[in-house]
Amino acid sequence: MSRHLHLDASPPIHRGMMRLDRDAFRKTIPLLAARVQPSKTNTVLKAQPMKRAVIDLPKVRTVVPDPSNPGGDRFLLLNASNETDLSPETFQFLTHETNGLVSYTLELTYDYWTADEILHAILPENILEGSPSGFAMTGHLAHMNLNDEYIPYKHIIGQVILDKNKHVKTVVNKLDSINTEFRFFEMELLAGEPNYVVEHHESDCRFTFDFTKVYWNSRLHTEHDRIISQFSPEDVVVDVFAGVGPFAIPAAKKGCGVLANDLNPESAKYLTKNAEDNRVTDFVRAYCEDGRDFIRAAVARVYDYPFAPYVRPPVSRTQQDKERRKARKLAAEGVIVDAASTANPLRQRISHFVMNLPDSAIQFLGAFRGILSDPSRNLSEAYQTMPIVHCHCFTRELEFEAADRDIRNRVEEQLGATLKEYELHLVRSVAPNKEMYCISFRIPHQVAFL
């Protein structure tokens, strides 16, 4: 029966290390190696007696050159440190098919081990569970949320994360404090460059912003795409709490007209830049206003200064030929097609409101009361279909039915009306007793025309 030697490739233990010493993470593992002619290497490797006899360690090559004669025999590294570790069948096969067995020293260094393995060798045993090797990536910046027990080791944790992730240039830790007005997290530098202006790619768009001055959550990528998928290119979208544009910019690239607002001047600044960088300035109008004031002004702004008609991208030659044949057929049947009458109209009507400020967005819903009650404009004709509101929010209710009741009641209280139809979507769990939802509904007619 084959014998199996367990090769201990774990890093050296240095519990409580506070300053990273990479040279302390070196390990030598004595092995046996079989001398094999280069032409016979594959045959030996695939032979049945060699099954489980060859070393199997991540990132370690099983066949290496002879250090003393690189152009000669190859060394086939074995899962054994001496001959007695080999089964009789394997030993007999190697005796006949190779040029003998030699001792080989496998050397592992700091670069070999993963961040998680290094941190498990450094941190005290009582806090190893849940070792903080995970992080969220935004551009070149990795941001962590370290629990209190890891704070004494925060800088060495940051350095290990920096070392082990080649695309990371800056590592920060989010602090418990949050800017109460603009809702972005305070943070501290753990390792790397103090460069907080990042370039982040999402939804086929490029976003630039100062991570220390605006709110951004990479975990919401899926939610951004989910909402944007509900927009048609012809729509006008109003983004009440737009941030730097994770909803607004992709919607504009889709063809939508977008009114985008954020109270934070830094967010509004980068929103404008991102519209320019993504070449959608004709589709995005940026504002820096209070959310309630912005909601109340949005309808008149779009009605008085409508967006240009949506123009489809150039179609293929095949599609053009198909449309010409259709036009000739209609002409032959006596149908007169007036190009002017079929042109898309100016976009004066808002189709969607996005309210992604889950901590307090529900409190802004009262601004929709009477939003279409304007005798100076013919809004009843323009708004035969009410706009849809996508309002993000938090709840402490963990059961869906209880969360549904809690969110619906709060929304109806602000609107002053009952919601007959709505959709409630669980976005993600924020904390053990806190969930993020998005409730989507059409503004009730009696609310809009109050």
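Residues numbered from 1 in each chain as written. Predicted model: local features only at pLDDT ≥ 70, side-chain atom pairs only at ≥ 80, totals over all residues. Heavy atoms only, no water.

Some remarks on the UniProt feature "binding site: S-adenosyl-L-methionine" (unreviewed entry) in the protein chain
Those residues carrying the UniProt feature "binding site: S-adenosyl-L-methionine" (unreviewed entry) are H224, D262, L263, D290, G291 and N356 in this numbering. Considering the arrangement of structural elements, one finds H224 in helix α5 (residues 221–228). The buried category is assigned to H224, whose relative accessible area is 3%. Discounting chain neighbours no more than four positions away, the residues touching H224 are E202, N217, P246 and F247. In this view, D290 contacts N261, L263 and F364; residues no more than four positions away in its chain are not counted. Only 3.0 Å separates the side chain of D290 from the backbone nitrogen of R292, close enough to count as a polar contact. (UniProt positions renumbered as here; feature names shortened; annotations may be inferred. Helix = DSSP H or I, 4+ residues; strand = E, 2+ residues; numbered from the N terminus. Buried < 20%, exposed > 50% of the residue type's maximum accessible area, 1.4 Å probe, protein only. Contact = heavy atoms within 4.5 Å. Polar contact = N/O pair within 3.5 Å; in protein donor to acceptor, adjacent residues only side chain to side chain.)

Description of unusual backbone geometry
With phi around 55°, S203 is a residue other than glycine that occupies positive phi space. Structurally, S203 is set in the loop between β9 (197–202) and β10 (205–210). A positive phi angle, close to 60°, is found at D204, a residue other than glycine. Examined against the element boundaries, D204 turns out to sit in the loop between β9 and β10.

Some details on the sheet that holds strand β14 (residues 352–355)
An order of β13-β12-β11-β14-β15-β17-β16 is seen for the 7 strands of this open sheet, with the pairing classed as mixed. Each edge of the open sheet is held by one strand with a lone partner, namely β13 (284–287) and β16 (423–431). For this sheet, the mean inter-axis angle between neighbouring strands, taken without regard to orientation, is 15°. When strand β11 (residues 236–239) meets β14, the two strands line up parallel, connected through 3 bridges. Counterpart to V237 in the pairing with β14 is H352. α5 contacts β14, β15 (388–395), β16 and β17 (434–442) of the sheet and is inclined by roughly 170° relative to β16. Helix α12 (residues 400–415) contacts β15, β16 and β17 of the sheet and is inclined by roughly 55° relative to β17. (Pairing = 2+ DSSP bridges. Axes fitted to C-alpha atoms, helices over the stretch in contact; angles between N-to-C directions.)

Quick look at the pattern of salt bridges
Scanning the entire structure with this criterion turns up 20 salt bridges. With a shortest N-O distance of 3.3 Å, E97 and K40 are connected by a salt bridge. With E97 in helix α2 (residues 88–97) and K40 in the loop between β1 (27–36) and α1 (41–46), the pair connects residues that are 57 residues apart, well separated along the chain. Using a relative accessible area of 26% as the deciding quantity, one classes K40 as partly exposed. Salt-bridge contacts for R206 lead to D277; the nearest nitrogen and oxygen are separated by 3.9 Å. Within this pair, whereas R206 is found in strand β10, its partner D277 is found in helix α7 (residues 265–277), the two being separated by 71 residues in sequence. Taking the relative accessible area as the measure of exposure, R206 reaches 28% and is therefore partly exposed. (Salt bridge = Lys/Arg side-chain N within 4 Å of Asp/Glu carboxyl O.)

Topic: the environment of F91
Residue placement: F91 occurs in helix α2. F91 sits 10 residues away from L101 along the chain, and the two C-alpha atoms are 9.5 Å apart. The residues contacting F91, other than those within four sequence positions of it, are E83, L86 and L101.

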